[in-house]
Amino acid sequence: QKATHSENSQGKKSQHAEEATFYMNCRAAYLSVLKSSLENIKSREQLSLVLQQAGRNPSQKTIDKYWTSQTTTLNFDDFCDILKKEKPATKAELLEAFGKIDTDKTGFILHAELYKILTTRGDKMTWDEVNTITKQADFNCSGKLDYSKFCELYLTTREQCCRNARDRLEVQSRWRQQQFGNQAETPSEGIPLPVAKSSPRIPRKTDPKPRKGDSRTPSRPSSAQSGKASFSSTVSVSGSSNRSTKLVEPTTVKEWQCAQSKGCFYLEEDGEILSHKYRLHFPQRSPVCVTIKPLNVHQVEGEVSCPWLSVDTALFILKENETPENLQLVGFTELQNKEMFAWKGELESGIYWLLPFTTGCRLKKGKTQITGEAKLLYRDEDGELALTKDFQAALLEIFETIDLDGNGLLSLEEYNFFELRTSGEKCDEEAWAVCKENFEMKKNELTRQGFMDLNLMEANDREGDPSDLWVTLLSLGYNKALEMTEACPFAVAVCAERCRPALKAVRVEAGGSQLSRALCRAVVGKGEAKMLDGCENIVVHTYKWGRRITSVIENKSENRVIIHVNNEQSKNCLNNRGLTAFAVEVAPKSMMVSQHVMPLDEQEEWIYNCVHSLL
């Protein structure tokens, strides 16, 4: 048994060493072409180039597989995923390919035959390119190619290419740190640390025991690479505790004065998530309850399934100090009652900002390909254009989503959120007056029927061409089957005991550095802190809030660090990155989110077991 345990331990160490080498090679190849591993691949040519730097020789067919007509960018994680699938050719595979041409098994191929094959099959080469091969004396003689020697040189050259990439990475590391530092304000980069910060809390034996069904068992992983700092963090959650009710509203909350608004998360092509942002004003100090939850926009409850109802939501409450840019985190919605998340406390008079947040674990690009296209329009018996029943249902969902105050009418301000999202332009007072003349309105606000007629007019203007209608639908998160899969409507409510709060949706945009900073500070303030073994300057904060877990990596050192994150031992989990293993790069003196994790099936037990290792 000891021998078996030792073999298993050695095997895991070897596996971890291989992973570390793999990610180092990935990064070396990536940074041979791009300035930072946080910069995206933006073209087919860049993809081909970084694959070549990683020792691959991608065909046009391979590039087509990963860069489709819908692809706009690929990130470092995508690149690592591609390299895992596209293994480099071995010598045996190369010799087997040449052997199919050399039917006599002589070990040679005539140049004439080589010209014919390479210029007419597969990714066709030019005569000059083939000449470059046949003129090499090392593996050519008497008009023939010694393909065994050619394969040896090919493999040697490939390895040299990878080695050169690693050497450049090592030599230019300082320069690359400066490149990273120039982008320190972007949300995906590190958030600068405060000048003075207390040491993380190190749990002792006297700390309270974890609750049943919510245990943490930190330990040094058996897979930790020798000489490299690492640790594992484990959180086990029973299925029954996933939806436990923790929110207890005050008995008098129904008598409090409330302000409500709808909003929506929108998923962009590059995976970025946009949402409404809110300005909140309190005329005086008051006890407050702030909530957010996904919104069912269907007219009849349970009539149609809503995939977005499983999307997690949260609100971060920030107080404005002197300027809108100077915001201070007050709290966030960590109390839970089913799909609703809430924050309770007292707020002073003043201006606050509510920043909606979702982890991206459930609101992400789907892999399911939609075949066909739903019909939006048809001709009636009189030959007039009409909206199909399915399109009408989608338009009603959209109306419910953009009707922020829920009064069943669209004001010009509400309608402009719709216009900016779908066309990038606003409707002015003059154009709104034209709408009033042509479409049904009440109190200078557009009715549901007026909204439907407006879309029908757009179809008539295009003589039945639905192209512009599809632009609208796709920008609002619908797929070609008229399913809202890339958006999540939500409802925000603010109730105060002593005054009437004023809540106003201001704009739709990405969370930005303010939200990233608030999220990191919330996790650092509430979560459990663990230092990497032997590396006190690298701290991983892990926080379970509701049915999600967030980890933040804090880098107190003067140097950039690469952290390998491995979730392979987790059970019934999904994360926002879509990968079980990946690497993150953290700038000096900063912190950044490593990952968000949620249960795949909320009815079953889920175990978060993550190993963080310093590469």
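Throughout this description, residue numbers start from 1 for each chain and increase along the sequence as written. The model is predicted, so local features are restricted to residues of pLDDT at least 70 and side-chain atom pairs to those at 80 or more, both for listing and for counting; the totals for chains, interfaces and linings are taken over all residues. To obtain the side-chain values, all non-hydrogen atoms of the structure were included, while hydrogens and water were left out.

- Per an unreviewed UniProt entry, the protein chain is named EF-hand calcium-binding domain-containing protein 7, and its organism is Sapayoa aenigma.
- UniProt positions are given in the numbering used here, feature names are shortened, and annotations may be inferred rather than shown by experiment. What UniProt records for the protein chain under Subcellular location (unreviewed entry) is the sentence "Cell projection, Cilium membrane".

### Concerning the state of the cysteines
So, point 1. Cysteine sulfurs are considered disulfide-paired once they come within 2.5 Å of each other. Under the defined criterion, the tally for this structure stands at one disulfide.
So, point 2. The partner cysteine of C258 in its disulfide is C495, sulfur to sulfur 2.1 Å. On the sign convention where negative is left-handed, the bridge of C258 and C495, at about 105° about the S-S bond, is right-handed. Here the residue C258 occupies a position in strand β7 (residues 257-267), and C495 occupies one in strand β19 (residues 487-496), the gap between them amounting to 237 residues.
So, point 3. The buried label applies to any residue whose accessible area, calculated with a 1.4 Å probe on protein chains only, is under 20% of its type's maximum; exposed applies above 50%, and partly exposed to all values in between. A residue is classified by how much of its surface remains accessible, and C495, at 11% relative accessible area, is buried.
So, point 4. The thiol of C361 is not disulfide-bonded; the next cysteine sulfur, from C573, is found 9.4 Å away.
So, point 5. The class of C361 is buried, set by a relative accessible area of 1%.
So, point 6. Cysteine C427 is unpaired, with the sulfur of C435 as its nearest cysteine sulfur at 5.0 Å.
So, point 7. Using a relative accessible area of 12% as the deciding quantity, one classes C427 as buried. Runs of E in the DSSP output that reach at least two residues are strands. Runs of H or I that reach at least four are helices, and both are numbered from the N terminus.

### Section: the pairing of strand β24 (residues 561-566)
So, point 1. Taking burial as the measure, the six residues of β24 include six buried ones, the bulk of the element.
So, point 2. At least two bridges found by DSSP between two strands is the condition for calling them paired. Direction of pairing for β24 relative to strand β26 (residues 581-586): antiparallel, over a ladder of six bridges. Paired with V565 across the bridge in β26 is F582.
So, point 3. The pairing of β24 with strand β28 (residues 606-614) spans four bridges and is classified as antiparallel. Residue pairing for β28: N566 is matched across the bridge by V611.

### Regarding the packing of aromatic side chains
So, point 1. Ring pairs shown here join Phe, Tyr and Trp side chains whose ring centres sit within 6.5 Å, with only the six-membered ring taken for Trp; geometry is labelled stacked below 30 degrees between planes, edge-to-face above 60, and tilted in between. One pass over the full model with this rule turns up 19 aromatic pairs.
So, point 2. Between the aromatic rings of F316 and F332, the centroid separation amounts to 5.5 Å while the plane-to-plane angle is 20°, which identifies the pairing as stacked. A residue pair is termed long-range when its members are at least 10 positions apart, and F316 in strand β10 (residues 314-321) and F332 in strand β11 (residues 323-332) qualify at 16 residues. This pair shows no difference in class: F316 is buried, exactly as F332 is.
So, point 3. An aromatic cluster of three or more residues is present, and its members are F316, F332, F357, Y543 and W545.
So, point 4. For the cation-ring pair, K144 lies above F108, with the distance from its terminal atom to the ring centre recorded as 4.8 Å.
So, point 5. We count a charge as sitting over a ring when the NZ of a lysine or the CZ of an arginine lies within 6 Å of the ring centre and within 35 degrees of the ring normal. Against the face of F341 rests R548, its NZ or CZ located 4.1 Å from the ring centre.

### Comments concerning unusual backbone geometry
So, point 1. Phi at K338 takes a positive value of approximately 60°, unusual for a residue other than glycine.
So, point 2. Along the chain, K338 turns up in the loop between β12 (335-337) and β13 (340-347).
So, point 3. The phi torsion at E463 lies on the positive side, around 55°, for a residue other than glycine.
So, point 4. Along the chain, E463 falls in the loop between α13 (448-461) and α14 (467-475).
So, point 5. Residue class for E463 comes out exposed when judged on its relative accessible area of 70%.

### Some thoughts on the nonpolar core
So, point 1. Counting 69 residues, the largest nonpolar core has F282, L354, I398, L446, F451 and L473 as the members making the most contacts within it.
So, point 2. Ranked by residue count, the leading element in this core is β19, at seven residues.
So, point 3. A contact between two residues is defined here by any heavy atoms of the two lying within 4.5 Å. The contact partners of I398, leaving out residues within four places of it in the chain, are F418, F451, L473, L476 and Y478. Nonpolar cores are built from buried Ala, Val, Leu, Ile, Met, Phe, Trp, Tyr and Cys residues. Side-chain atoms within 4.5 Å join them into one set.

### Here we look at α13
Since one α-helical turn is 3.6 residues long, residues separated by three or four positions face the same way.
So, point 1. To estimate how far a helix should extend, the number of its residues minus one is multiplied by 1.5 Å. For α13, which comprises 14 residues, the first-to-last C-alpha distance of 20 Å matches the rise-based estimate of 20 Å (1.5 Å per residue) to within 8%.
So, point 2. Along α13, the residues that are buried comprise G450, F451, M452, L454, N455 and A459.
So, point 3. E463 sits one or two positions beyond α13 and adopts a positive phi of about 55°.

### A closer look at the pairing of β19
So, point 1. Most of β19 sits inside the fold, with ten of its ten residues counted as buried.
So, point 2. Direction of pairing for strand β9 (residues 286-294) relative to β19: antiparallel, over a ladder of seven bridges. Each bridged residue has a counterpart across the sheet, and for I292 the counterpart in β19 is V492.

### Brief notes about the pattern of salt bridges
Should the charged atoms of two oppositely charged side chains come close, the side chains can pair.
So, point 1. A carboxyl oxygen of Asp or Glu within 4 Å of a side-chain nitrogen of Lys or Arg is what we treat as a salt bridge. Scanning the model with the defined rule gives 26 salt bridges in all.
So, point 2. Between K42 and E39 there is a salt bridge, and its shortest N-O distance comes to 3.6 Å.
So, point 3. The shortest N-O distance in the salt bridge between K504 and E413 comes to 2.5 Å. Of the two residues, K504 sits in strand β20 (residues 502-510) while E413 sits in helix α11 (residues 412-422), which places them 91 residues apart along the sequence.
So, point 4. Looking at K504, the relative accessible area reads 42%, which means it is partly exposed.

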